[in-house]
2 protein chains.
Amino acid sequence: MHPLLNRILRGEPRAVARALTLIDNNAPDKRALLESLYTYSGKVQVVGFTGSPGAGKSTLVDKMIDFVRKQGLRVGVLAVDPSSPFSGGALLGDRVRMTKHSTDPGVYIRSVGSRGGLGGIGKSTREMLYVLEASGCDVIFLETVGVGQAELDVMQVADSVVLVLTPGAGDDVQTAKAGIMEIAHLFLVNKRDLPGSDTLIQELRLMLHEKTLLRENWLPPIVSAKAVAGEGMEELWQALTRHYEHLHESGFWEQRRRNRHRDETLKLVDAALSEYVRKRAKEDTEWKRILEEDLSQDPYQSAENILTNFPWKQL
Amino acid sequence: MHPLLNRILRGEPRAVARALTLIDNNAPDKRALLESLYTYSGKVQVVGFTGSPGAGKSTLVDKMIDFVRKQGLRVGVLAVDPSSPFSGGALLGDRVRMTKHSTDPGVYIRSVGSRGGLGGIGKSTREMLYVLEASGCDVIFLETVGVGQAELDVMQVADSVVLVLTPGAGDDVQTAKAGIMEIAHLFLVNKRDLPGSDTLIQELRLMLHEKTLLRENWLPPIVSAKAVAGEGMEELWQALTRHYEHLHESGFWEQRRRNRHRDETLKLVDAALSEYVRKRAKEDTEWKRILEEDLSQDPYQSAENILTNFPWKQL
């Protein structure tokens, strides 16, 4: 059992902060920590917020923190910026939020950059969630700054993905089509007082009608809000709760947990094999010849030479 | 031999474009194409341009295209935006460049997004370089939009990395310290007419004095320029040529080629093993039990169970 575990389970902010830093730094005892935490995972709803910069995600998340705190719930927040090499500090709009919520023991906020890198930001985000789950958070918000591939990877670890859209961004629905519409469980039309919000909602409804967005027996609801005024937070929370219930009732929650266990295990097996391959590449004379001397072969041919000359298929 | 090969070797723009698209789409005959191209690789200098948004990279690359074209050289350009899911089109400042150079058969320009994803944008960039090299380019420019982890990954495939800095960005040198200074082979101070450029150059000189940036027996030179007026292009080109010569004379060019062959081969071995593991995970009863049923174990334990129960160590 990792020495931090008990303090994390009691929700001590400093223990949580240290555990997150330990993961971020890929510290030697990271694995021991994760093993200790694993039992406590898989129960808390992780809500991802994504959407174009300027859609008002930071404000929305801020107001949602206020909302869930008023319900007496504890909340963890990870603000992930794959384009930044910095973690842990107060980046983006987080400075404001951090200051505002810093005296509230029921809120953990953390900025995550891509510094760790090992296995991608999706992996380290997943690992940080284990800490927040064990610390007694009732819900976890996961926020990304953009909508690129790295952000999509991060959203894979969320149970419920909220796509934040705004009227007037014009090509929002069009742009967003490239992969992002498909991962959303809920469309949030922010800044609903702006002209064009009706049109945007109309467009979304049309898309939903086509039924192509039906996944896991769930058709994403459309919620409108004006985050800056705190309007629409209750509707959003209710929709999220419905999705959480749906995941449980339909059995998808359990299935996802199973898939996650499977995927993470296989990735660890991959990593172990890859480590073995690299070790052998340094030690085995024949491998060294193939890898470093026979450059007339292209890498595809060299890889085939390694794989056929060695009986890995009889594993 | 891939049917496109001969047309690529003759430098036919449409064949080059089709080959790049084929790689971008991860088409079934991608491997056959890459195998055909491999023999022609490893000779052309790939120059990477990186730096904060607003440093003037696009303008700089544009002017450098003009410069090398006047020397009668053919040039390939990959503009990589890891935060965009779109490839192939005319994004960012490329629209201008593409229009300007579109009638010049000695220039290939291509925007690369992260759509492919498989193996990361670094991998697909590397693969696209094979096409440009075989097409007879004398030099290849590689440009990224930002300075995050994905951009650093892209820069790994460049032979010479130019870090573009501007005075007035103020914290440039400080910010850039996080990993980016270490990969630069050349510092380009752009917008040299702006106040603060002397200070910036001074700061860089101080850093260089500390010798921590000496790598592969090479201390990055500092070149100043005013790209928008086309000033400094010759100095930049000369510095790049010196680095190219240095890589050859020192033996590092050959060594890097060797390392690249080694790394690519091992990655292909990894991929084959990973594919095997996933296949077995679907078929082997014992693996299925470990992976999908015994959820009381954490993934680390499950991976260990798979690895100890199966004699992969006797490979």
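Residue positions are given per chain, counted from 1 along the sequence in the order it is written. To label them, take the chains in the order written and letter them from A, then take the ligands in the order written and number them from 1. Residues qualify for local features only when their pLDDT is at least 70, as the model is predicted, and side-chain atom pairs are given and counted only at 80 or more; totals for whole chains, interfaces and linings, by contrast, use all residues. Calculation of side-chain values draws on the structure's entire complement of heavy atoms; hydrogens and water are dropped beforehand.

### Focus: the pairing of strand β1 (residues 45–50) of chain B
A regular strand places its side chains on the two faces of the sheet in alternate fashion.
All names here are of chain B.
Item 1. Within β1, six of the six residues are buried, which leaves the element mostly enclosed by the surrounding structure.
Item 2. The alternating pattern of β1 places Gln45, Val47 and Phe49 on one face and Val46, Gly48 and Thr50 on the opposite face, and all of these are buried.
Item 3. Two strands are counted as paired when DSSP detects at least two bridges linking them. Only runs of H or I of at least four residues qualify as helices and only runs of E of at least two qualify as strands under DSSP, and these elements are numbered from the N terminus. Examined bridge by bridge, β1 and strand β5 (residues 160–165) share four bridges and lie parallel to one another. Bridging across to β5, Val47 finds its partner in Ser160. The rule is simple: take the accessible area with a 1.4 Å probe, protein chains only, and divide by the maximum for that residue type; under 20% is buried, over 50% is exposed, in between is partly exposed.

### Let's talk about the interface of chain B and chain A
Item 1. Opposite the 54 residues of chain B that make contact, chain A presents 55 residues.
Item 2. Two parts placed together each lose some accessible area under a 1.4 Å probe, and the buried area is that loss summed for both. Note on chain B versus chain A: buried area summed over both sides is about 5,300 Å², and carbon and sulfur give 69% of it.
Item 3. Salt bridge, as applied in this entry: a Lys or Arg side-chain nitrogen positioned within 4 Å of an Asp or Glu carboxyl oxygen. Linking chain B with chain A are six salt bridges, by the criterion used here.
Item 4. Across the pair Asp270 of chain B and Arg278 of chain A runs a salt bridge, and its minimum N-O distance is 3.0 Å.
Item 5. Where the side of chain B that touches chain A is concerned, the elements lending two or more residues are α3 (30–38), α12 (252–283), α13 (285–293) and α14 (299–309) of chain B.
Item 6. With 21 residues, the top contributor of residues to the side of chain B that touches chain A is α12 of chain B.
Item 7. Residues are sorted three ways: Asp, Glu, Lys and Arg are charged, Ala, Val, Leu, Ile, Met, Phe, Trp, Tyr, Cys and Pro are nonpolar, and all the rest, Gly among them, are polar. Per-class residue counts for the side of chain B that touches chain A are 25 nonpolar, eleven polar and 18 charged. Note on definitions: a residue-residue contact is assigned when non-hydrogen atoms from the two residues lie within 4.5 Å.

### What to know about the side chain of Ser135 of chain B
All names here are of chain B.
Item 1. By the element assignment, Ser135 lies in the loop between α6 (120–134) and β4 (139–144).
Item 2. Its relative accessible area of 0% is what places Ser135 among the buried residues.
Item 3. Those residues within four positions of Ser135 in sequence are excluded, and the remaining contacts are Ile8, Gly11, Val16, Arg74 and Tyr108.

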